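# Notes for the structure review
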Amino acid sequence: QVQLVESGGGLAQPGGSLTLSCLASGNILMINVMAWYRQAPGKQRELVASINYDKDTNYEESVKGRFTISRDNSNHTVYLQMNNLRPEDPAAYYCNADILKYTGWHAYWGPGTPVTVSS
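Residues numbered from 1 in each chain as written. Predicted model: local features only at pLDDT ≥ 70, side-chain atom pairs only at ≥ 80, totals over all residues. Heavy atoms only, no water.

## Overview of the side chain of aspartate 89
- Structurally, the position occupied by aspartate 89 is in the loop between strand E8 (77-82) and strand E9 (91-101).
- One polar contact links aspartate 89 to arginine 38, side chain to side chain, over a distance of 3.0 Å.
- Among residues more than four places away in sequence, those in contact with aspartate 89 are Arg38, Arg66, Phe67, Asn84 and Val117. (Helix = DSSP H or I, 4+ residues; strand = E, 2+ residues; numbered from the N terminus. Polar contact = N/O pair within 3.5 Å; in protein donor to acceptor, adjacent residues only side chain to side chain. Contact = heavy atoms within 4.5 Å.)

## A closer look at the pattern of salt bridges
- One pass over the structure, following the stated rule, counts six salt bridges.
- Of the charged contacts, one joins aspartate 89 and arginine 38 as a salt bridge, the two residues approaching to 3.0 Å between their closest N and O atoms. Taken together, the residues aspartate 89 in the loop between E8 and E9 and arginine 38 in strand E4 (residues 30-39) connect sequence positions 51 residues apart.
- Under the relative-accessibility criterion, aspartate 89 is labelled buried at 0%.
- Between arginine 86 and glutamate 88 there is a salt bridge, and its shortest N-O distance comes to 3.7 Å.
- On the basis of relative accessible area, glutamate 88 is assigned to the partly exposed category, the value being 47%.
- The network of salt bridges with shared partners includes Arg38, Glu46, Glu60, Arg66 and Asp89. (Salt bridge = Lys/Arg side-chain N within 4 Å of Asp/Glu carboxyl O. Buried < 20%, exposed > 50% of the residue type's maximum accessible area, 1.4 Å probe, protein only.)

## What about the pairing of strand E11 (residues 113-117)?
- What you see with E11 is a clean split: Thr113, Val115 and Val117 sit on the buried side and Pro114 and Thr116 on the side with no burial.
- Where strand E2 (residues 10-12) and E11 come together, three bridges link them in parallel fashion. Counterpart to leucine 11 in the pairing with E11 is threonine 116.
- For E9 and E11, the ladder comprises three bridges, and the chain directions are antiparallel. Paired with tyrosine 93 across the two strands is threonine 113, which belongs to E11. (Pairing = 2+ DSSP bridges.)

## Section: the nonpolar core
- Counting 30 residues, the largest nonpolar core has Trp36, Leu80, Met82, Tyr93 and Ile99 as its most contacted members.
- Counting residues per element, this core draws most heavily on E9, which supplies five residues.
- Beyond its immediate stretch of four places on either side in the chain, methionine 82 contacts Gly16, Ser17, Leu18, Leu20, Arg66, Phe67, Tyr93 and Val115. (Core = buried A, V, L, I, M, F, W, Y, C linked by side-chain atoms within 4.5 Å.)

In structure tokens, the structure reads:
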């Protein structure tokens, strides 16, 4: 059984910062791409940032220069440092990971963590 669990969401002021964490646990042989998605009410889920095992990164245009994705391969953890939060950033943020188990590659999602930006 593999689980992804996010933490670190909450309330921040405009211009403030939050750091999200996502821990993958279970029978994991390897994790390739880890990513953060977000979904605001009434909108489609969108990719925010991704990072592969070699730590190559990719960002959605609106978060470039403000958000930083990183990972700890030894602890199966991915982080999202969010700086200069804007009114358009609030959403449920979801962790996603491509995980190799003995049964092959599988994609997993965390349950999500809410991010609110308000003064």
